[in-house]
Amino acid sequence: MDENIEKYLNVVPGGETVNNYKARICGSVAVVGGGIAGIQSALDLAEMGYKVYLVEKSPAIGGTMPALDKTFPTNDCSMCILSPKLVECGRHLNIEILTNSQIVELDGLPGNFKIKVKKEPRYIDIDKCTGCGECAKACPVEITNDFEKGLSNAKAIFKPYAQSFPNAYAICKEGIAPCKAECPAGVNAQGYVALTRAKKFKEAAQIVFEDLLLPGTLGRICPHPCENECSRAQAEGAVSIASIKRFLADSQPRPRLDIKEFKDDKIAIIGSGPAGLTCAFELLKKGYKATIYEALPVAGGMLAVGIPDYRLPRKILDKEISYLTLHGVEIKLNTEFGKDITLEELKKEGYKAIFLATGAHKNRMLGIPGENLPGILAGVDFLRQVNLGEKVDLGEAVAVIGGGDVAMDAARSALRLGAKNVTIYYRRSREEMPARIEEIEAAQAEGIRFKFLASPTKVDKSDDKLRMECVEMELAEPDETGRRKPVPKKDSKFVEEIDTIITAIGQQPTIDCLPADIELNEYQSVDCDATTLQTSVPGVFAGGEVRTGPGIAVEAVREGKEAAESIVRYLEGKDLKANRNKKQKVAEKPVINSEMPDVKRVSKKELPVEERIKDFSEVELGITEEEAVREAERCLNCGPCSECRQCEVVCEADCIDHFQEEEILEITAGAVLLAPGFKEFPAEKLESYGFGKYPNVVTSSQFERILSASGPFGGHLVRPSDNKEPQKIAWIQCVGSRNLQEGRDYCSNVCCMYAIKEAVIAKEHSTQTLDATIFYMDMRCHGKDFEKYYERAKGQGVNFIRSRIFNVEEGENNTLYIRYALEDGSIKTEQFDMVVLSVGLTPPEGAEDLIDTLQIEANKYGFAKTESLVPIETSRDGIYAVGAFSGPKDIPETVTEASAAAIQAAGLLTDAKNTLIESKTYPPERDVVGQKPRIGVFICHCGINIGSVVNVKEVCEYVKTLDNVVYVEDNMYTCSQDTQIRIKEIIEEQGLNRVVVASCSPRTHEPLFKETLKEAGLNEFLFEMANIRDQCSWVHMNEPKAATEKAKDLVKMAVAKARFLQPIKTTTVPMTQKALVIGGGVSGMTAALSIASQGYPVYLIEKEKALGGMANRMAFNHQGEPIKKFVENLKEEVMEDPLIEVHLNEEITDIKGFIGNFQTTLESGKTLEHGVVLIATGAKEFKPQEYLYGSNEKVKTYLELEETISNQPATLKGCNNLVLINCVGSRNEEHPYCSKVCCNQSVQLALKAKEINPGLNVYVLYRDMRTYGYAEEFYLEARRKGVIFIRYDLHQKPEVIQTGEGLQVKVKDHVLDDTLVIKSDLVGLAAATVANRENEKLAKFLKVPINEDGFFLEAHMKLRPVDFSTDGVFLCGLAHSPKPLAEAIVQGKAAAARACTVLNKEEIIAGGLTAEVDTSICSGCGTCESICPAKAIEIDNREKVAKVNEALCKGCGACAASCRSHAIDVKGFESSQIVAMLEEIG
Amino acid sequence: MDRKIIAFLCNWCSYAGADLAGVSRFQYPANLRIVRVPCSGRVDPLFIFTALKNADGVLVAGCHPGDCHYTSGNLVARRKFALTKSLLEFIGIEDGRVQFDWISAAEGNRFAETATKVVEDVEKLEEWDRWGGEK
């Protein structure tokens, strides 16, 4: 340790001392990733005495396991075995879970890292959310359900999976939708579109009404920039957002504003255009009634006088404006600013803020001679006259100069006023025209002519006609506006005779009326602060076209909104600028896939041309409800959350906050564990397999969901294309693994087993006989009991075909055809209903960033780099990689590594152990024994989750009539924080001595209420729950009466049990904080050192006279690295460690006791006392009985050959042929398991032999090459170097014969389909690894099980790989099963970690919900003893009664149910209590 | 009067399966009254007989073999149940009135299906006199 510290200190300039450094060591650890690895590490560390920050990127912990169906090789339900760990981790006092979080910065030294964690907003308050799901029901936005691997949809407000921890929803927001982002006024287009799709028109309209005063107006005239950005525009066309808005505004009644209180401040708005009106509207919403001054006789500004009625009927506009006056906003018409009223006067009248929004009504001049002649009209003036109903005489021929919307409006109006020929002259071409395309097209349709590239140069008047002289133009290079600049063509003059000319080449801000102290800018518009819109005069703001110059109405709306915000801030004396103009992240546009159905954009209905030019009737007719919904359905949900906020409306717990922001948390941790998991290989990359193209080609993870009872098909085996049950399914192995082209040469380690499991489970699910076939290269079933699972699958009829796949093609009815080559080269095609791709494992999403941020090294595949002799350690001290982050691993290996990493981190921080952990203290318990029960019942509405089905009040009234019930109340949320306080008060007030809560599941909420009881001074076991939500309201939603009756029964039963509840005391048993490690091999030594690193004394017992075990005979490990030095160092370290007492040449004669209190007697007579036991007794090499082993010295086992190669390499120099035979004594009847190490050993032996003698022919005879994980690289290398691999079958094993010419090996080659005879100089045999016979003796001492192969059997193969069901006893190394050195090292550490979680306790808490013997009845028959799975009962032979060891008892109750005299009972589930419940029913 | 069924569910798998049926809103008849036990191995045959005094049918459900939180409690339950069944049969209780099933924490739909099936099965049987007791 100190050496390490010195190493770290070297990098810090300034000479820190070791002691200073030690003083700063911090007793906390950051664990990244909340999958099973992170959970296990966190639990172990917390129990070892360290505070844990569990940093999880997603909204819930759980990782990959919740999405798996069953797990191999036990076929356990993945969720069943995980969920207790989830709950334990979630509730642990010393584990702080940070969801939606990731590390973004790390500084400092091991022992004291300063870490910045970015916590993304979840938009939900986890503490308030009850997980009821009402929000998701209300949400109109569907997103792909990632948990279901895209097989079904979820809502944008979602809970990752049903049993998620935290049990809270989250909102998926990638950013604001591009449509909303593009709208100058920020109107929430996606929101109202989403609600329209859900046919919630009223709610949709409410969004529109909230955002806009003038939605009907804008729905008609807005050039809808939103639609330009619409993602659907990438396909058949943008969603008709504006039309939907118009539909909503036209069809939905607008409710009055609910203004709580009006403010007195006076505000004047000059100008009633869109900017002024919007400003007034926004102010009104905040309780300010502004006064609007308008120079014209009508309100609406350009909307009223600039846009003709056929586009925007006046009555629509007027109605929308009247909404303001309806709420008391005054509009003073015919009042010209600067003339009828001045700024000074306004101020005098008490106006505190003024908004100038006078628009741009001044026509831009042509600047040509004759421009002022009568008969030449300005566009805006002309339109104003028309709109105000003034008579305008135009004559027959009208010329309109200009190419914008005003030009179109003028031309089309002229036509409607009776002009016969209307021509638009524009100096550029059609492409450059700024008018909206719809407008240009409408004008053309109505018969208006266009003269492009024509510009007037002069106007004369002769007779009654105007003579307009024009010149033709041509386009030069683009100018600064990006448009090509028109230049006159030479000699192209022409003259037109015209009655009226209307000029419409642009407008200018109306500034003449403004006082002089309002400063202007170079464009002759008002100069304002761009953010606040404040002018040079404080309190005077300006916006809209008078500030921006001519623009579109919705831009003016934006200005009005901003001005209102500034004015309110100004009046309230707040900072005008703070927190404004924040750039919101815009969601990326979804990629359009080819499967998206083609739905054409709605075509708008218009009046026929001949109808519409007769008068000023509205041309566009709007869309129908049906069309609006269809359009809305085309929306691609870019947000994906649309921020329609319907979730807020239905949420009774008030937990949703759409404005939550990202946070940066700073934490200090002594070490960092990285367990971010993996990502599956993207199968679509291998196009020949057809994933993504053919619906019935699925990935293995999708298939897990198909099989899962909680999956999208409810566990019914169906294929996606037609939801019919498939009869033939194929699995294709190594998809993205062992694949050189994809740069993934490694083996993904888990796919063979999961494919077999899926095939077996699929066969179970199938209602007919399913034909299941697995196409593979090698079956890699190298783990404990995997080989048996494989054999069993064969027995159950799963077909295995050793092959290479060419491709998958689709035929009729989505049937699939697989073309493949067999081993002998023959090519076949077979038909299947469904194909499952066994996808490999790749580094997780974000791995690169994480590796970068933490400055650790990655391997060539992008996984974290670790070394096989120091697994888990990354290239940076204090940072450890766990589970699949350093390479593909299965669950047990991952869990083992998680524990190992925990002790590895703890080893750095021993000095700070138990410094940051908290424990809670409670008030003393009130004695209630002997008191009459006083039961309080709290009945929960759970918002509407219970209350909407069960009549809670009725249940309350009923419960009041029950005996011993002295208090009943109902709560909106019984679990809320304030109710907990209330329950405590009521316990006190009413003197309650039993509490019943009728709400949801005790599995999730019992601990919370028990905690409340403890805080109130009541024993926590005086509590009972009735689950009237999960068992009542949710499952009988349509039967309120029956549900209410059932709720009464359930509460009555709970009360009945409560009457019989008794306080339960826990006791403590002292803990001897010392460990015994049995076996001094590498795993035992590693374990001993790890335990000692935590400061606990260790006894290490080795039966041989030296430490080292099997490793003493090995020269190199499975990666070919020499290990002698490593083993020697390890031995030295152990011998030198002052806390480790080594007993060599020693056997154990007896072990007595239980967790915390073991006594071990040694052969030498010594007795050792210790609190835990680690079994690391190793295994041994099998002595082969075949292949001439023992009779011919040229035939050696691999270990012997290894010794020869390392000690006498010259032996190989003279050899020509070396034959290595795998599976000698493994995978056969005698040893029906795989010895796991031999394939790798054969490859390493071959490589070493080739190194010594490159001319040597090396033959490896194998059954399946099980070079799993990265070892696959060595297999490749060996083949590249010419090692010959020949496969053989169990029923056709090779033969080794001694002939006159020497040794010969005969083997059938399947590729050549011929028998080969190899003259061999040396033959190596992969002798099996077999269990030690002595295991049986230890098993008896410790009451732990052994499997049929003689290896020890752990508590649970997946999640408790180094524990036993018997507490305080742990397991590691080869005693568990055959495994390579690296894995034995990890297991040694893991077992040490698990042991330290126990050793950290000064006493063991015993009792609680345990069994209890009534010794007056017990006859000591021993039934309970034989049945107890925890080995917690023993018959006291002296007293002839059963005795329960409370420290071991788990309270399952099997003993109580089996006792023939009812002498044994289980506290908390006593027979009397259960019978009392039963007797209440009926 | 509606038939009542008492369901003994183990805490770790079957009770969790019933919870999942709830979370998933799988509907089933309202006849069940659930009694939570730590392990199906806790179900004393006496409970089954007592239950039949107060209800018309009994369901006992535990973890699938191999899933047991206590390693082998569910196997104890299975053995005990087999014996109880033969006794019930001997005294003339119809098959279907008392049932046993494995339901995992992930099998919300299976729980709902089993609950429905048990209710249907019991409804098909003749009215049960609850050992001659009151209804």
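Residues numbered from 1 in each chain as written. Chains lettered and ligands numbered in written order. Predicted model: local features only at pLDDT ≥ 70, side-chain atom pairs only at ≥ 80, totals over all residues. Heavy atoms only, no water.

Draft legend 1. Quick peek at the overall build of chain B. Each helix and strand counted, chain B has four helices and four strands in total. Start at the N end of chain B and walk to the C end: the helices and strands fall as β-α-β-α-β-α-β-α. Across the 135 residues in chain B, those meeting the buried criterion constitute 66%. Of the contacts made within chain B by residues no fewer than 6 positions apart, 80% connect residues no fewer than 24 positions apart. Split by element, the accessible area of chain B, about 4900 Å² in all, is 54% carbon and sulfur. Measuring between centres, the 17 positive side-chain charges of chain B sit 5 Å from its 18 negative side-chain charges. (Helix = DSSP H or I, 4+ residues; strand = E, 2+ residues; numbered from the N terminus. Buried < 20%, exposed > 50% of the residue type's maximum accessible area, 1.4 Å probe, protein only. Contact = heavy atoms within 4.5 Å. Areas by Shrake-Rupley, 256 points an atom, 1.4 Å probe, with all protein chains shown as cover. Lys, Arg positive; Asp, Glu negative; His and termini not counted. Charge placed at Lys NZ, Arg CZ, Asp CG, Glu CD.)

Draft legend 2. Focus on the sheet that holds strand E5 (residues 95–98) of chain A. Residue and element names in this part refer to chain A. Ordered by their spatial adjacency, five strands build an open sheet running E5-E2-E1-E28-E38, and the pairing between neighbours is parallel. Both edges of this open sheet fall to E5 and strand E38 (879–881), since each of them pairs with a single strand only. Across the sheet, the mean angle from the axis of one strand to that of its neighbour is 20°, orientation sign disregarded. With three bridges joining them, strand E28 (residues 671–674) and E38 adopt parallel strand pairing. Note on E38: the bridge partner recorded for leucine 673 is tyrosine 880. (Pairing = 2+ DSSP bridges. Axes fitted to C-alpha atoms, helices over the stretch in contact; angles between N-to-C directions.)

Draft legend 3. Seen up close, the packing of helix H7 (residues 189–197) of chain A against helix H22 (residues 625–633) of chain A. Residues and elements named next belong to chain A. Relative orientation of the contacting elements H7 and H22 amounts to 120°, with a least axis distance of 8 Å. Taken together, H7 and H22 sit at an angle that is classed as oblique. The way H7 lies across H22 gives a crossing that is left-handed. Packed against H7, whose contacting residues are Val193, Thr196 and Arg197, the element H22 presents Ala628, Val629, Ala632 and Glu633 at the interface. Across the contact of H7 with H22, the residue classes tally to four nonpolar, one polar and two charged. (Parallel < 35°, antiparallel > 145°, perpendicular 65-115°, else oblique. Left-handed = near helix turned anticlockwise from the far one by under 90°. Nonpolar A, V, L, I, M, F, W, Y, C, P; charged D, E, K, R; others polar.)

Draft legend 4. Fine view of unusual backbone geometry. Residue and element names in this part refer to chain A. The omega torsion of the bond from phenylalanine 72 to proline 73 falls at -5°, within 30 degrees of zero and hence cis. Summarising the element assignment, proline 73 is placed in the loop between strand E3 (70–71) and strand E4 (76–77). The omega torsion across glycine 639 and proline 640 is -15°, close enough to zero to call that bond cis. By the secondary structure assignment, proline 640 is in the loop between H22 and helix H23 (646–650). One non-glycine residue, lysine 149, lies in positive phi territory at about 55°. Within the secondary structure, lysine 149 sits in the loop between strand E8 (142–144) and strand E9 (153–155).

Draft legend 5. Structural view of the interface of chain B and chain A. Contacts between chain B and chain A engage 55 residues on the former and 59 residues on the latter. With both chains or domains summed, chain B and chain A bury close to 4700 Å², and 58% of this area falls on carbon and sulfur atoms. On inspection of chain B and its partner chain A, the count reaches six salt bridges. Here chain B and chain A share 25 residue pairs in polar contact (both at pLDDT 80 or more) between them. Elements represented by at least two residues in the side of chain B that touches chain A include exactly strand E1 (5–10), helix H1 (14–23), strand E2 (32–37), helix H2 (45–54), helix H3 (73–90) and helix H4 (108–124) of chain B. Per-element accounting of the side of chain B that touches chain A gives the leading share, eight residues, to H1 of chain B. Taken together, the residues that form the side of chain B that touches chain A break down as 29 nonpolar, twelve polar and 14 charged. (Buried area = accessible area lost by both parts, 1.4 Å probe. Salt bridge = Lys/Arg side-chain N within 4 Å of Asp/Glu carboxyl O. Polar contact = N/O pair within 3.5 Å; in protein donor to acceptor, adjacent residues only side chain to side chain.)

Draft legend 6. Looking closely at the sheet that holds strand E41 (residues 994–999) of chain A. All names here are of chain A. Taken in spatial order, the four strands line up as E40-E39-E41-E42 in an open sheet, and their pairing is parallel. Edge positions in the sheet fall to strand E40 (965–971) and strand E42 (1023–1027), since each has one partner strand and no second. The sheet shows a mean angle of 15° between the axes of neighbouring strands, taken without regard to direction. Note: strand E39 (residues 935–940) against E40, six bridges, orientation parallel. Among the inter-strand pairings, valine 937 is bridged to a residue of E40, identified as valine 968. Of the strands in this sheet, E39 and E40 are in contact with helix H29 (residues 952–960), which crosses E40 at around 175°. With respect to the sheet, helix H30 (residues 977–990) is in contact with E39, E40 and E41, its orientation differing from that of E40 by roughly 165°.

Draft legend 7. Geometry of the side chain of serine 1365 of chain A. Positionally, serine 1365 of chain A belongs in the loop between helix H40 (1335–1342) and strand E61 (1369–1371). A polar side-chain atom of serine 1365 of chain A sits 3.4 Å from a polar atom in the side chain of threonine 71 of chain B. Other than its neighbours up to four places away in sequence, serine 1365 of chain A contacts Ala1355, Pro1429 and Lys1450 of chain A together with Thr71 of chain B.

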